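What the coordinates show
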Amino acid sequence: KQWYQRRVRGIVAAAQKGQTALKELMVWLGGLFSQEAYVTATRQSVAQCKGYSLEELKLQVSVHDAPVELDNNSFGISGLKLMGARHDTGKLKITEDIMSDLPYTRLSWVRQDDVKAIGKKITLPVYLNNMRTILVETLDFATDEEKFYERGVAILCTSLT
């Protein structure tokens, strides 16, 4: 209970400082009440800050082992789980492991005209939990492999059910 109260106080304090302070937070997406609303709010925030329409923005994702600096287009996510694959040197690879961590994930909203080609890619669903009943978003990852869909690879916001 105490950790939750501290977290709420931290989020409230950051919200009072404004948008730049919110960017400093690494958000555990699985701990939010509405994950879809958070993703939508990040898109709206970038669109408003840059003066773009929402339709001009495309979501890009990058995974890191340690926290990274976030620019005006980016937001940090922690605690995502990858089922049936692992992230290695910038690409997804099939694995026999049931679940692996995506420790620090950076979500960046970029103009579609500025999207960098990542070569061969796979679009994976992001679910709230391992029940896979609530779809939060889909994310594109670079890969050299096939059979992700056949193996049921997906991303989870939390491993809690």
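The structure displayed is predicted, hence computed values, not measured ones. (Residues numbered from 1 in each chain as written. Predicted model: local features only at pLDDT ≥ 70, side-chain atom pairs only at ≥ 80, totals over all residues. Heavy atoms only, no water.)

Concerning the side chain of S78
Take S78: it is sitting in strand 3 (residues 74-88). Excluding residues that lie within four positions of it along the chain, S78 makes contacts with M26, V27, W28, L29 and P103. (Helix = DSSP H or I, 4+ residues; strand = E, 2+ residues; numbered from the N terminus. Contact = heavy atoms within 4.5 Å.)

Some remarks on the environment of S159
When you line up the elements, S159 lands in the segment after strand 7 (154-156). Looking at S159, the relative accessible area reads 36%, which means it is partly exposed. Separated by 29 residues in the primary sequence, S159 and N130 have C-alpha atoms spaced 6.2 Å apart. In this structure S159 touches K81, M99 and N130, once residues within four positions along its chain are discounted. (Buried < 20%, exposed > 50% of the residue type's maximum accessible area, 1.4 Å probe, protein only.)

Comments concerning the layout of surface pockets
Left-over empty space is what a probe sized like a water molecule reveals as it rolls over the atoms. By volume, the largest pocket amounts to about 490 Å³. Along the wall of the largest pocket there are 25 residues; nearest its centre are Q60, V61, S62, K116 and I118. It is strand 2 (residues 57-64) that contributes the most residues to the lining of the largest pocket, seven residues altogether. Of the residues in the lining of the largest pocket, the class split is ten nonpolar, eight polar and seven charged. (1 Å grid on protein atoms, 1.4 Å probe; cavity = no way out; pocket = protein on both sides within 12 Å on 5 of 7 lines; lining within 4 Å. Points joined across faces, edges and corners; volume = space filled by probe spheres on them. Nonpolar A, V, L, I, M, F, W, Y, C, P; charged D, E, K, R; others polar.)

Notes on the pattern of salt bridges
Inspection of the entire model under this criterion finds eight salt bridges. For the salt bridge of R111 with E56, the shortest nitrogen-to-oxygen distance reads 2.7 Å. Residue R111 is located in strand 4 (residues 91-111), and its partner E56 is located in the loop between helix 3 (35-50) and strand 2; the two are separated by 55 residues in the primary sequence. Judged by its relative accessible area of 25%, E56 falls in the partly exposed class. A salt bridge links K58 to D140; the shortest N-O distance between them is 3.3 Å. With K58 in strand 2 and D140 in strand 6 (residues 135-142), this residue pair connects regions lying 82 residues apart in the sequence. With a relative accessible area of 31%, K58 lands in the partly exposed category. (Salt bridge = Lys/Arg side-chain N within 4 Å of Asp/Glu carboxyl O.)

Concerning the nonpolar core
One broad trend across soluble globular proteins is that nonpolar side chains are buried collectively. Ranked by internal contacts, the top residues of the largest apolar core, which has 32 residues, are L82, L124, L139, F141, F148 and I155. Elements supplying a minimum of two residues to this core: helix 3, strand 2, strand 3, strand 4, strand 5 (121-127) and strand 6. Apart from the residues within four sequence positions on either side, L139 is in contact with L59, V61, L107, I122, T123, L124, V126 and I155. (Core = buried A, V, L, I, M, F, W, Y, C linked by side-chain atoms within 4.5 Å.)

Quick look at unusual backbone geometry
Unusually for a residue other than glycine, T89 sits at a positive phi of about 50°. Here T89 is to be found in the loop between strand 3 and strand 4. A relative accessible area of 72% places T89 in the exposed class. Phi is positive for R132, which is not a glycine, with a value near 60°. Looking at the secondary structure, you find R132 in the loop between strand 5 and strand 6.

Regarding the pairing of strand 4
With eight bridges joining them, strand 2 and strand 4 adopt antiparallel strand pairing. Residue pairing for strand 4: K58 is matched across the bridge by V110. For strand 3 and strand 4, the ladder comprises 13 bridges, and the chain directions are antiparallel. Bridge assignment links A85 to a residue of strand 4, and that residue is I94. (Pairing = 2+ DSSP bridges.)

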